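Each chain, letter by letter, is given below.
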Amino acid sequence: MSMLDLARRHTADPLFRLVAYALESAHDRPPATVWSAPHAFHLGSPHLVAAAGWPVAAAAAPRDDGLARLSSLAHPAQSCELPLTGPPSPHPDWAARTYALLRTMARVGYGRGGIDLHIHSTLTPATGLSSAEPLECAVALAVADLHAARTRPPRGRLATLARTAAPGGDQALREAVLFARPGRALLLGDGGRRHVRFDPDEHGARLTLLVTRGEGRGPGDIQDAVAIARRAGATAAWWPGHGPGRSALVLLPKDRLTHVRTTVTEEFRSGGRRVPRFVNITVAGAARREE
């Protein structure tokens, strides 16, 4: 079945159907390609990363007038139409990294003709997992898919272009987004990458993202939540980024799941604090195209 039918294909993943339909609604045309890219996280080291089964999706269709029309389900009133060459135009904050990447790719010959693009993330920034790197990768893959003359550029080349467009991004997370495998972590070093086994289910455990609620409380709440979870039976904990934020990854034995959740809930509630969320994480594979 063609990509034109994706929004109405009942057997397709609901996320892909959603972004395909959203592109049609925002730009009056169906997508020519739809890509998903997983959120990624660190595992206690700057050089050890893995992908989570919560993706960012990008639906795209090519143009030939040098314009990028961008829209997002998270920012329905802030769609924009921007030139890919010449002076950059003012744009909403949410589109800044995408616009920088599109212009960077256009300068080296990818997607200079233009693109209609709609994006959506399955996680909000409040979870503490960065959406920037999966978004960049999904967009880069979509552009390369639409505009590569003969063959798609290597994924390593796309990672380099993303780093050029957003040098402050996390290149290790980009590597996980582009090269992860299910049940594997990615060990980076010496200019290469190696997959190592990381499958909590095999060891009777569940990987969970523990997310605190409320703005402006600093890292104290998440550090308290991790300490409580460890006392209740969590066997390990990591920050998904480079330090304490609003969330932590915790490894929970399956026979202690209920006890850990109940203990964290009761201690936060008794202290008059908002109860953290528990988000299940599967160790997922790399970005992919919906066929």
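Preceding this paragraph is the structure being described.
Residues numbered from 1 in each chain as written. Predicted model: local features only at pLDDT ≥ 70, side-chain atom pairs only at ≥ 80, totals over all residues. Heavy atoms only, no water.

Undergrad: Would you mind going over the overall build of the protein with me for this structure?
TA: A count of helical and extended segments in the protein gives seven helices and 13 strands. By its C-alpha atoms, the protein is 60 × 45 × 40 Å across when sized along the principal axes. For the protein, contacts bridging at least 24 residues in sequence account for 66% of all contacts bridging at least 6. Entry remark: accessible area of the protein is about 13,200 Å², with carbon and sulfur atoms responsible for 51%. Distance from the positive charge centre (36 side chains) to the negative charge centre (26 side chains) of the protein: 2 Å. (Helix = DSSP H or I, 4+ residues; strand = E, 2+ residues; numbered from the N terminus. Contact = heavy atoms within 4.5 Å. Areas by Shrake-Rupley, 256 points an atom, 1.4 Å probe, with all protein chains shown as cover. Lys, Arg positive; Asp, Glu negative; His and termini not counted. Charge placed at Lys NZ, Arg CZ, Asp CG, Glu CD.)

Undergrad: Just checking my understanding: could you explain the nonpolar core for this structure?
TA: Side chains of a nonpolar character, in soluble globular proteins, are inclined to be buried together. Residues Leu70, Leu102, Met105, Ile115, Leu117 and Val139 are the most contacted members of the largest nonpolar core, which totals 47 residues. Non-local contacts of leucine 102, meaning those with residues more than four positions away in its chain, are made with Ala68, Leu70, Leu84, Ile115, Val139 and Val143. Listed in part, the 19 residues of the second largest apolar core include Leu129, Leu207, Val211 and Leu249. (Core = buried A, V, L, I, M, F, W, Y, C linked by side-chain atoms within 4.5 Å. Buried < 20%, exposed > 50% of the residue type's maximum accessible area, 1.4 Å probe, protein only.)

Undergrad: Just to check I follow, could you spell out the packing of helix α4 (residues 155-165) against helix α5 (residues 171-179) for this structure?
TA: Any two packed helices are characterised by how steeply their axes cross, that is the angle between the axes, and by the distance between the axes. Running from N to C, α4 and α5 point in directions that differ by 150 degrees, and their axes come no closer than 10 Å. On the basis of their axis angle, the class for α4 and α5 is roughly antiparallel. Handedness of the α4/α5 crossing: right-handed. In this structure, α4 uses Arg155, Gly156, Ala159, Thr160, Ala162 and Arg163 to contact α5, whose residues at the interface are Gln171, Arg174, Leu178 and Phe179. Taken together, the residues that form the contact of α4 with α5 break down as four nonpolar, three polar and three charged. (Axes fitted to C-alpha atoms, helices over the stretch in contact; angles between N-to-C directions. Parallel < 35°, antiparallel > 145°, perpendicular 65-115°, else oblique. Left-handed = near helix turned anticlockwise from the far one by under 90°. Nonpolar A, V, L, I, M, F, W, Y, C, P; charged D, E, K, R; others polar.)

Undergrad: Help me understand the sheet that holds strand β9 (residues 236-238) in this model?
TA: Each strand in a sheet pairs with its neighbour through backbone hydrogen bonds, running either in the same direction (parallel) or in the opposite one (antiparallel). The strand order across the open sheet built from four strands is β9-β10-β8-β11, with neighbouring strands paired in antiparallel fashion. Both outer strands of the open sheet, β9 and β11 (277-281), are each paired with one neighbouring strand and no more. For this sheet, the mean angle separating the axes of adjacent strands, direction not counted, is 30 degrees. Where β9 meets strand β10 (residues 247-253), three bridges bridge the pair, whose relative direction is antiparallel. Among the inter-strand pairings, alanine 237 is bridged to a residue of β10, identified as valine 250. Sheet strands in contact with helix α7 (residues 257-270) are β8 (205-211), β10 and β11, and its direction is about 150 degrees off that of β11. (Pairing = 2+ DSSP bridges.)

Undergrad: Is there a simple way to explain unusual backbone geometry in this structure?
TA: With the exception of glycine, the majority of residues adopt a negative phi angle, and the majority of peptide bonds are in the trans configuration. Positive phi outside glycine occurs at aspartate 28, with the angle close to 60 degrees. For aspartate 28, a relative accessible area of 71% puts it in the exposed group.

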